[in-house]
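Report on the structure
The chain contents come next:
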2 protein chains.
Amino acid sequence: MATNNNYAVIMAGGIGSRFWPLSRNRNPKQFLDVLGIGKTLIQQTYERLVQFIPPENIYVIGSEQYKHLIKEQLPRLHAANIISEPARKNTAPCVAYAVYKISSLNPEANLLIAPSDHVIMNDRFFVQAVETGFTLAKHKEVLLTLGIRPTRPDTGYGYIQYVESKDDDGAHKVKTFVEKPTLEIAEQFYRSGDYLWNAGIFIGNVKTWLRAFQQHMPELADVFKEGRKSFNTPKEANFIANAYMLCPNVSIDIGVMEKARNVLVIPAKFDWSDLGTWTSLHQMKEKDYLGNAVNNDQNVMTYDTTNCMIHVPAEKLVVVQGLDGFIVIDTNDVLMICCKDKEQDIKNYVSDIRRKKGDKWL
Amino acid sequence: MATNNNYAVIMAGGIGSRFWPLSRNRNPKQFLDVLGIGKTLIQQTYERLVQFIPPENIYVIGSEQYKHLIKEQLPRLHAANIISEPARKNTAPCVAYAVYKISSLNPEANLLIAPSDHVIMNDRFFVQAVETGFTLAKHKEVLLTLGIRPTRPDTGYGYIQYVESKDDDGAHKVKTFVEKPTLEIAEQFYRSGDYLWNAGIFIGNVKTWLRAFQQHMPELADVFKEGRKSFNTPKEANFIANAYMLCPNVSIDIGVMEKARNVLVIPAKFDWSDLGTWTSLHQMKEKDYLGNAVNNDQNVMTYDTTNCMIHVPAEKLVVVQGLDGFIVIDTNDVLMICCKDKEQDIKNYVSDIRRKKGDKWL
C-alpha cells in the first residue's frame, strides 16, 4: 500500500462559552450532541474526515482535560493520535505543535486543520474541497483555506476577500482577511460577491507550514524546532509542557494566515455554521411549523409558543406557554430562559455568575 | 382542669390541582411551603389553632394516602387525631364523619371546620372570630361561617350576603350563599357592602351539626348514624370503608350551609387567601421592587424581568431574562413556564398531560 500523505488535525480545545449553560468548561460544545441527531459535533467531524483520510492519519488536539472525552467519543481513534495540550494558548501554538509533530513523522504530509465544533451539512462538497486543497498543497507552496459563499450578511463571521483566479484549479488568491464586520459592511461584502466566510479550515503541506511559522512567527518556530528530537518519543510530553509556557496566546489567523502572502481560498459549496450563537443553532435545527426547535419533543408541550429553542433533559416534562423567540435551556443544575435577541448578553450573565458564585456552574 | 369543649377539624384531603406542577397528587398544596417561609400550609394552620384549642382537641382529616405526610409534618398531633378517609367524597361526608366521630367522644363539642391550605395573615383576628363563633355555637342552635370583607371584586371566591344584625354579638344572619360571580356581579357585591367572601371556615356545636345533617342530608345522616357504636373503636375503619361507598360526592356548602336557615356569618378582619391561583400566591408573596416573587433568590438571577413568580429548586442556578408576568416553576421532574394571564389554562395542560402521558407527572 502506498503511503498516504494526507493528514487531518481536529482542534478540540475550545470551551464553547457562548453555549452556556449547555456547554461547560468540563464538557464543551464539541462533545455535545447540540443538533440532537445522536452524534456529538466532534463525532460528526471525525466521521466526515474518516471517509477519505486514513484513520491512522487523523489526529485530535486539545487540552489534557478533554483526553477522556475524546477517547470516549472517538473509540476508533488510536490513543497515540490524541495530542494533549498542557495549556490553552489559542490556535497558533496548537497548529504549530501539530505541524512539527506530524512533519517529524512524515515530512511529506499534507495537513488539514479543522475545528471540531462546526456543522457541515453536505459532506460530499466538503470532501471535494479538501481534496482540491490536498492536491494544491502537494504541488504548490501555498496555504489554503476553505471559504463559504455567504448566504446572508452575517456579522458573526470573519470574511475573506479574494481575487478571481485565471487558473481552473478551484482556488483563488486571498487578498485580505477581515474580522467580524459591522452590518453595513457585511451587507457590502455580501452584495459584492468577492467575499467568502472564513470557516477556519486550513490546508498546507507541512513543509509550507514550517516555512510559514519560521517566517511569520519565528519565535514560536524556534520554540518548536528545539523539540525535533522529542516529538513522537517518550520525551514529547515533557518538552511540550515547557514549550507551551514559552508560547504566545495568538490565533493561527492572526499569527500566520493574515500575514502570509501565499494563501489561497477554495470556495466551497457545503452548508456550514460555526454554531457561534444560539440563533445559529436554532437556524440549523429541525423546527416544528411554529419555528420551535425542541431537543426532545416527547415530553415537551408548547402552547402559544413560537420561534423558541428548547433544550431540556429527556426525562423531564416541560410545559411552555406564551413565549416567542426565547431560548429555554434546562441542564438539571442550571435553567436559563433568555430572549434570543439578547443572547449576546449571555456572556455577561456568565461573568456575573463567575463573580458571584464562582465556577461551580460554568 | 375543666373539660374544654372546643374542637377543630382541619380538612387536608384536597389535591391542589391548580398548583400543578408544584402541587402533586402525592404531595398536594397543603403539605408544601408555598409561601417560602419555612412552614407548610398545614403546619401554619395547625399552629394557628393550637394557640387557643387544646392539641388533643385538634383533628386532621384527609385521605389515607396523606397519613404519613400529616404525621411527618405535625409531629405534635397524636396518631388518634388523624382521621383517614378511604375515598375522596368532597367535604359533606368529610364534615359528617368528623361530626359523628367527635360527638361520640364529646356530645357537647363545639366544632371548628377549617381548610388546611389557606393563608391567614393576622392570627389575632382569626382567634377573635373563632372564639366569638365558639361562644355563639355553645349558646345558640346556629351554624357559623367566617366571612372576609372583600378587598377587590374577586371572581374566584364565593360570596355570602348577610343581613345586618341588631345584636352586638359579632354575627349576622346569612341571606344567601353565592357561587363565584361574574366580574360585573362581583363589582356590585364589592360596592354594596352586604357581601363577604366565603372562607369555607365553619363553626357549630356537634348537636347543631347533627341536626343539620339529619334535616338537609338525611341519607348521609342515616349512613353515619349506623356507626355510632363503631366510632373511636377498632371497628371504625371498617365501618367507614363501607360508609364512604354509600356517601354522595357533595360539598358541605351545597349539602348543608346553603340550605340551612340558621346560619350566621362572622365578619372577620384577618387577611385571607384560599391560594386558589398562582396569581393569588404571587399577591401573597414577598416580592422584589420589580414585582418578582422568587422562592430562593440565592441562585436565581433575573434580568429585564418583572412581575414574575419563580419557584425553583434551591440548589439550581437559574437565569431568567426578558419575562414579564410569567410563572416559572421547576420541580426537577417538571418545568412549567406560563403567562400569569393564562393560568386558568393550566388545568387544560394537566388534562393534556393525563391524556398523553398518564399520571406519572401529576
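Residues numbered from 1 in each chain as written. Chains lettered and ligands numbered in written order. Predicted model: local features only at pLDDT ≥ 70, side-chain atom pairs only at ≥ 80, totals over all residues. Heavy atoms only, no water.

Side note on the pairing of strand β2 (residues 58–63) of chain A
Residue and element names in this part refer to chain A.
- Counting buried residues in β2 gives six out of six residues, a clear majority hidden from the surface.
- Of the strand pairs in this sheet, strand β1 (residues 6–11) and β2 are connected by four bridges, and their pairing is parallel. Pairing of A8 across the sheet is with I58, part of β2.
- In this region the chain leaves β1, passes through helix α1 (residues 41–49) and returns to the parallel neighbour β2; the handedness of that crossover is right-handed.
- In the classification by handedness, the crossover that spans β2, the intervening helix α2 (residues 67–73) and the parallel strand β3 (residues 82–85) is right-handed. (Buried < 20%, exposed > 50% of the residue type's maximum accessible area, 1.4 Å probe, protein only. Helix = DSSP H or I, 4+ residues; strand = E, 2+ residues; numbered from the N terminus. Pairing = 2+ DSSP bridges. Right-handed = clockwise from strand over helix to strand, strands pointing away.)

Some words on the interface of chain A and chain B
- On the side of chain B, 33 residues touch chain A, which itself brings 33 residues to the contact.
- Roughly 2800 Å² of surface becomes buried between chain A and chain B when both sides are summed, with 62% attributable to carbon and sulfur atoms.
- Of all residues in chain A, L317, Q321 and L335 of chain A give up the largest surface area on contact with chain B, accounting jointly for 24% of the area buried on that side.
- The interface formed by chain A and chain B includes two salt bridges.
- The salt bridge involving K316 of chain A is made with D330 of chain B; its shortest N-O contact spans 2.8 Å.
- The interface formed by chain A and chain B contains 21 residue pairs in polar contact (both at pLDDT 80 or more).
- Secondary structure elements with two or more residues in the side of chain A that touches chain B: β13 (300–303), β15 (317–321), β16 (326–330), β17 (334–339) and α11 (346–357) of chain A.
- If you tally residues by element for the side of chain A that touches chain B, the top one is β17 of chain A, at six residues.
- Here β15 of chain A runs beside strand β17 (residues 334–339) of chain B; their pairing, made up of four bridges, is parallel. (Contact = heavy atoms within 4.5 Å. Buried area = accessible area lost by both parts, 1.4 Å probe. Salt bridge = Lys/Arg side-chain N within 4 Å of Asp/Glu carboxyl O. Polar contact = N/O pair within 3.5 Å; in protein donor to acceptor, adjacent residues only side chain to side chain.)

With respect to the confidence of the model for chain A
- Looking at chain A, pLDDT values average 93 and 99% of them are 70 or higher.
- In the predicted assembly, ipTM is 0.81 and pTM is 0.82. (pLDDT = per-residue confidence, 0-100.)

Topic: the relation of the copies chain A and chain B
- Its rotation angle being 180°, the transformation that places chain A on chain B also includes 0.1 Å of axial translation and leaves an RMSD of 0.1 Å. Look at the turn and shift together and you get a two-fold axis relating the two. Among all residues of chain A, the one whose C-alpha sits closest to the rotation axis is N332 of chain A, at a distance of 3.4 Å.
- When the interface residues of chain A are mapped onto chain B, 100% of them again fall at the interface, so both copies present the same face. (Least-squares fit on C-alpha atoms with pLDDT ≥ 70 in both.)

What about the environment of Y100 of chain B?
Residue and element names in this part refer to chain B.
- Its location among the elements puts Y100 in helix α3 (residues 91–105).
- Exposure remark for Y100: the relative accessible area of 1% places this residue in the buried category.
- Each C-alpha atom of the pair Y100 and K207 lies 9.6 Å from the other, and the pair is 107 residues apart in sequence.
- With sequence-adjacent residues up to four places away left out, Y100 is seen in contact with L210, F213, A221, F224, K225, R228 and F231.

Topic: the environment of A212 of chain A
- Take A212 of chain A: it is sitting in helix α6 (residues 206–216).
- In sequence terms A212 of chain A and R261 of chain A are 49 residues apart; their C-alpha atoms lie 9.7 Å from each other.

A look at the sheet that holds strand β15 (residues 317–321) of chain B
- Pairing within the open sheet is mixed, and its six strands lie in the order β12(A)-β14(A)-β16(A)-β17(A)-β15(B)-β13(B). The open sheet has two free edges, formed respectively by β12 (293–294) of chain A together with β13 (300–303) of chain B, since each of these has just one partner strand.

Concerning the packing of α3 of chain B against helix α6 (residues 206–216) of chain B
Residues and elements named next belong to chain B.
- At their nearest, the axes of α3 and α6 sit 10 Å apart, and the two run at 135° to each other. In terms of their interaxial angle, α3 and α6 are classed as oblique. For the pair α3 and α6, the crossing hand works out as left-handed. For the pair α3 and α6, the contacting residues are A92, V95, A96, V99, Y100, I102 and S103 in the first and V206, W209, L210 and F213 in the second.
- Residue classes in the contact of α3 with α6 are distributed as 10 nonpolar, one polar and no charged. (Axes fitted to C-alpha atoms, helices over the stretch in contact; angles between N-to-C directions. Parallel < 35°, antiparallel > 145°, perpendicular 65-115°, else oblique. Left-handed = near helix turned anticlockwise from the far one by under 90°. Nonpolar A, V, L, I, M, F, W, Y, C, P; charged D, E, K, R; others polar.)

Description of the packing of aromatic side chains
- Within this structure, the stated rule accounts for 34 aromatic pairs over all chains.
- Judged by centre distance (6.3 Å) and plane angle (20°), the rings of Y97 of chain A and F224 of chain A are stacked. Taken together, the residues Y97 of chain A in helix α3 (residues 91–105) and F224 of chain A in helix α7 (residues 218–225) connect sequence positions 127 residues apart.
- Ring geometry for Y303 of chain A and Y349 of chain B: centres 4.0 Å apart, planes at 25°, overall stacked. Of this pair, Y303 of chain A sits in strand β13 while Y349 of chain B sits in helix α11 (residues 346–357), placing the two residues on different chains. The exposure classification of Y303 of chain A matches that of Y349 of chain B, with both residues buried.
- Ring pairs connect the aromatic residues Y97, Y100, F224, F231, F239 and Y244 of chain A, which therefore count as one cluster. (Phe/Tyr/Trp six-rings, centres within 6.5 Å; stacked < 30°, edge-to-face > 60°.)

Things to note about the sheet that holds β17 of chain B
- Spatially, six strands are ordered β13(A)-β15(A)-β17(B)-β16(B)-β14(B)-β12(B) in an open sheet, and the strand pairing comes out mixed. Sheet topology places β13 of chain A together with β12 (293–294) of chain B at the edges, where each strand pairs with a single neighbour.
- Two strands pair when backbone bridges link them, and β13 of chain A and β15 of chain A are joined in this way by four bridges, in the parallel orientation. Within the sheet, the bridge partner assigned to Y303 of chain A lies in β15 of chain A and is Q321 of chain A.

Brief notes about unusual backbone geometry
- Between W20 of chain A and the following residue, P21 of chain A, the backbone shows a cis peptide bond with an omega angle of 5°.
- Here P21 of chain A is to be found in the loop between β1 and α1.
- One non-glycine residue, N90 of chain A, lies in positive phi territory at about 65°.
- Along the chain, the position of N90 of chain A falls in the loop between β3 and α3.
- Here the phi dihedral of N332 of chain B falls at roughly 75°; this positive angle occurs in a residue that is not glycine.
- Mapping N332 of chain B onto the fold places it in the loop between β16 (326–330) and β17.

Some words on the side chain of E236 of chain B
- Turning to its location among the elements, E236 of chain B is positioned in helix α8 (residues 236–246).
- A residue is classified by how much of its surface remains accessible, and E236 of chain B, at 8% relative accessible area, is buried.

Some points on helix α4 (residues 123–139) of chain A
- Here α4 of chain A contains 17 residues, and its C-alpha end-to-end distance of 25 Å stays within 8% of the 24 Å for a straight helix at 1.5 Å per residue.
- Within the span of α4 of chain A, buried status applies to F125, F126, V127, A129, V130, G133, F134, L136 and A137 of chain A. (Expected span 1.5 Å × (residues − 1).)

Description of the pairing of strand β4 (residues 110–115) of chain A
All names here are of chain A.
- Among the six residues in β4, six count as buried, and that is most of the element.
- Residues N110, L112 and A114 line one face of β4 and the alternating positions L111, I113 and P115 line the opposite face, and both faces are buried.
- Bridge count for β1 against β4 is six bridges, and the pairing is parallel. The residue of β4 that forms the bridge with M11 is P115.
- Summarising the sheet, β4 and strand β9 (residues 195–205) pair through four bridges and their orientation is antiparallel. Pairing of N110 across the sheet is with N205, part of β9.

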